Each structure stands twice: as C-alpha cells, then as structure tokens.
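The lines below spell out each chain.
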Amino acid sequence: MDTNTFELTYSSYENYRCKYRGKQLQLKHRLSCLSQWLSKPEFGVIGGYHYGNAGDIALGESLVNCLSASEQAAKLQTIYNLNSWPATKYAMLGGGAITYENVFANVYDRYRKNPERLAIMGVDMQGIDSLLKYEDFLKDVAYISCRSSQQVEMLRSKLNREDVVYHKDLCVSRFDVIAPQPSKSRAKVLGVNMVPYFMRMDKHCRFVSGARDQATLKSSFPELLPYVDQLGELYVRFFRRMCEHYQSLGYEILHLPFTPQDDLFARSALAGMGVQFRSYTTVIDKMLEEIRGCSAFLCTRFHSLIFASITQTPMIPFLYAGKCRRYSKDMNLEERGLVTIHDLLDAFKSTCERVISQGPILAPTDQLEQASSLVRSSVKDAYNSLGI
C-alpha cells in the first residue's frame, strides 16, 4: 500500500451487501415505529435506536431490562426522528452520546411542558455548553445521571443541581446476568473490532485517509490535525501487527462488527490475513456470547470495550474516543494495556512491543459488580422519581 496516498478498496459486491443490509435495518426500524402507532405505549425509552449501531441497541435493551424489575413495560423510540414516533406520557432518555443540541431539541420539544415526566439516564453529555440554552428544563426533569464522573461534576456545577448521579454505562447492568461461566476447551481466538477510524468512504468503493468530521477533531484533539492523513494508516498497521502476532501464537482471528460499516472496513483493512468475518447483527445476546468465546479481544468501539469488560474477556483496548478514555479511567484499567492514536503517532514500534509484552488486561471484577448494582439501583430510583 502506498503510504503517501493510503487507501483501502472494497468490491462493488461488498458495497451492495452493506447497503442492502442497511435497507433491511431501515425497514425493521420503520416497522417498529408503525407497531407503536397501532398500539401506543405509555412509557418510552428514547435514544439512538435505529438498528445501525449494536451499541446503541444494547443501551436501550439494557434500560428496558432494568425497568422490567419495576414491572414497567417500555418501548424503544429513536431520538433522531422523535417527532415520527407516538408521544408517551413518561420517558427515559436512555444513555449514549445523544445530547447534542440539534438532537436534544427533539426531546425538549416533546417534554418541555412536563419535564417531571422525563428522566435522563446514563448519558454522555457531549456539548454541555450548548445544552445550557435548556438550563431551566434540565433543572426540572425528574432525574439526571451520566456515565462519566467528570461530566457529573460539570453538570452539578452548571445546573446548580447536586442530585445529578454518576454510574457507568447502562450495559454494565448486564454483568450479573452474564457472569463468567466455567472455562471450556476451545480453540484460541483473538476477537477484533475495527472502525473506519480517520478513514472516510468515497464514491469509488474506497476508504481514504482523513477525518469525516474535522470540526469535532479540532475541538477534541486539535494537536492531531496536522497528522490527520497519517492516522488511519497507523490504526490499520497496528491492528494488522496485532493480528500477525497472535496468529504466530496459533490464534484464529475473528472480526465482530458493531455497525455495517465496521464489517465493510475490516474486510478491506484485514484482507489477505485469513480472518473470519462475522456479519453485523443487533442480537445482543449473540454478540456477547461470541465475545465471551474469545481468548482475547482487540476492541475499538466503546461498546466493544464494555462487552469485553462485562464478559470478563481479556482485552486490548484501543481508546479511539473520549468516552473510551473516560471509561478506562473510571474503571481503573491498567494503563500499560491501553493504546491511543497518540501512542502510535509518537512511537509506533515501541507501542506495539509494549502491548505484546503486556498482553491483554481484564476489567476489575469487584468494580464491575459494584457498577452493575449501581446502574440497576439508579434506574429504579429514576423510575420512582417519575411518580408513576
């Protein structure tokens, strides 16, 4: 591959397959909406539930499962086109990075007259400053919790609301349900999750170097802007190097996508390496079982990191986003086992050597037990705050 014009190509068939899968998911999404108009629910769980991202679906399902302990039935609704879904009397905003102003406005429009009927659960408070235009509304909603301890402190200060609660990602509530099973004899497998990181799709069946959202990069990691055309290649080189190392140890390599684009990208980035590629699915129990069956997991997506944690799968976390870094800090993950794009940019070879020498790490079981219990008790508190 030419390092000056780094790109990955994929076939027109793979492109068609990805788009066809997207159409199937859109249909499933629309049928879900139609079913709610035919039988309107009283309680909604609102979030990024469009079936195009397994992590978002897992958030919604985790919250619905927690609510079932209070014998409250709930239906998932999509925040991005919330006006297309029937209004519910009560709702929980169900976690994830869904509080950008242009998205949160949909929730505000629906519940501004009755903020006491809304609870905000486990959100990643992106764009806190821009949300302050809804300050009065946020002060009046029944309950607010965040999945970052740092963001909780910021919200408490900005809203002058000391009852903002911290707990880890809603999916951590699944930990008790899927407690590790006795080990069984199996082939050694390195699970992998890759994303189109600092690569963007063009019209010619290619992933080419560059950031899809320069504005976000400028606000989050401005120091990376001069190197934006190098970062995608570094990411791919690192993952290929890890796969080569584990193959030399007799491991099979299995890629597990969290979006259809993950699948398309990985088939290009890991081409020629004898990797097995699982098709994209939103059946979360199946995904968890796949990850539990891995001997180690090289993760990128935030929820690939969460899933490896709660299945107690040894992991090599690539911290591609701020939410991953915040989670690793809050969970006290062993720093020598973590990798960032800054590490690869500053010292690619020594970073690979460090990760190989360190080996995969585990999320602390005691912290997972506490975190799981806290998530479930927080959902119960939030439900009670709605006064149903």
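Relevant structure appears above.
Residues numbered from 1 in each chain as written. Predicted model: local features only at pLDDT ≥ 70, side-chain atom pairs only at ≥ 80, totals over all residues. Heavy atoms only, no water.

Trainee: An account of the sheet that holds strand 1 (residues 7-9) is needed here, citing residue identities and associated values.
Mentor: Adjacent strands of a sheet pair through backbone hydrogen bonds, lying either parallel or antiparallel. One open sheet holds the three strands; their spatial order is 1-10-9, and the pairing between them is antiparallel. What marks the edges here is a single partner per strand, and that holds for strand 1 and strand 9 (199-201). Each strand of the sheet is rotated relative to its neighbour by a mean of 20 degrees, with strand direction disregarded. (Pairing = 2+ DSSP bridges. Helix = DSSP H or I, 4+ residues; strand = E, 2+ residues; numbered from the N terminus. Axes fitted to C-alpha atoms, helices over the stretch in contact; angles between N-to-C directions.)

Trainee: How would you sum up the side chain of T282? Please name residues and give values.
Mentor: With respect to the secondary-structure elements, T282 resides in the loop between strand 12 (276-277) and helix 10 (284-292). Owing to a relative accessible area of 7%, T282 belongs among the buried residues under this scheme. If we skip the residues at most four places from it in the chain, T282 touches K28, Y51, I57 and E61. (Buried < 20%, exposed > 50% of the residue type's maximum accessible area, 1.4 Å probe, protein only. Contact = heavy atoms within 4.5 Å.)

Trainee: So what's going on with the environment of L93? Which residues, and what values?
Mentor: Along the polypeptide, L93 turns up in strand 4 (residues 90-96). Taking C-alpha positions, L93 is 4.7 Å from I120, a pair spaced 27 residues apart along the chain.

Trainee: Before we move on, can you summarise unusual backbone geometry with the specific residues and values?
Mentor: Trans peptide bonds make up the majority, and among non-glycine residues the majority have a negative phi. Within the chain, N160 stands out as a residue other than glycine whose phi angle is a positive 55 degrees. When you line up the elements, N160 lands in the loop between helix 6 (149-159) and strand 7 (165-166). Of note in the backbone geometry, N332 takes a positive phi value of approximately 55 degrees without being a glycine. Relative to the helices and strands, N332 resides in the loop between helix 12 (322-330) and helix 13 (341-358). With relative accessibility at 54%, the residue N332 sits in the exposed group.

Trainee: Tell me what's going on with the pairing of strand 5 (residues 118-123), and back it up with residues and numbers.
Mentor: The buried count for strand 5 comes to six of six residues, which makes it a mostly enclosed element. Bridge analysis of strand 5 against strand 6 (residues 143-146) gives three bridges, and the strand direction is parallel. Paired with I120 across the bridge in strand 6 is I144.

Trainee: Let's hear about the packing of aromatic side chains: which residues, and what values?
Mentor: Scanning the entire structure with this criterion turns up 18 aromatic pairs. Ring centres of Y197 and Y320 lie 6.0 Å apart, and the angle between their planes is 75 degrees; this geometry places the pair in the edge-to-face category. Taken together, the residues Y197 in the loop between strand 8 (189-192) and strand 9 and Y320 in the loop between strand 14 (315-317) and helix 12 connect sequence positions 123 residues apart. Look at F238 and F239: their rings are 5.8 Å apart centre to centre, the planes differ by 80 degrees, and that puts the pair in the edge-to-face class. A cation over a ring is seen here: R117 above Y90, with NZ or CZ 6.0 Å from the ring centre. Cation over ring: R237 sits above F348, and NZ or CZ is 4.1 Å from the ring centre. (Phe/Tyr/Trp six-rings, centres within 6.5 Å; stacked < 30°, edge-to-face > 60°. Lys NZ or Arg CZ within 6 Å of the ring centre and 35° of its normal.)

Trainee: Any details on the pattern of salt bridges? Residues and values, ideally.
Mentor: Note that side chains of opposite charge can pair when their charged atoms are close. Applying the stated criterion across every chain, the model contains 14 salt bridges. Members of the salt-bridge network, linked through shared partners, are D124, R147, D169 and R326. (Salt bridge = Lys/Arg side-chain N within 4 Å of Asp/Glu carboxyl O.)

Trainee: Account for the nonpolar core, naming residues and giving values.
Mentor: Ranked by size, the top nonpolar core spans 106 residues in total, and within it M92, M194, F238, F307 and F318 carry the most contacts. Ranked by the residues each element gives to this core, the list is headed by helix 8 (residues 228-248), at ten residues. Here F238 is in contact with L298, F318, V339, L344, F348, C352 and V355, once residues within four sequence places are set aside. If you look at the next biggest cluster of nonpolar residues, it comprises 27 residues, including I98, M125, Y134 and I144. (Core = buried A, V, L, I, M, F, W, Y, C linked by side-chain atoms within 4.5 Å.)

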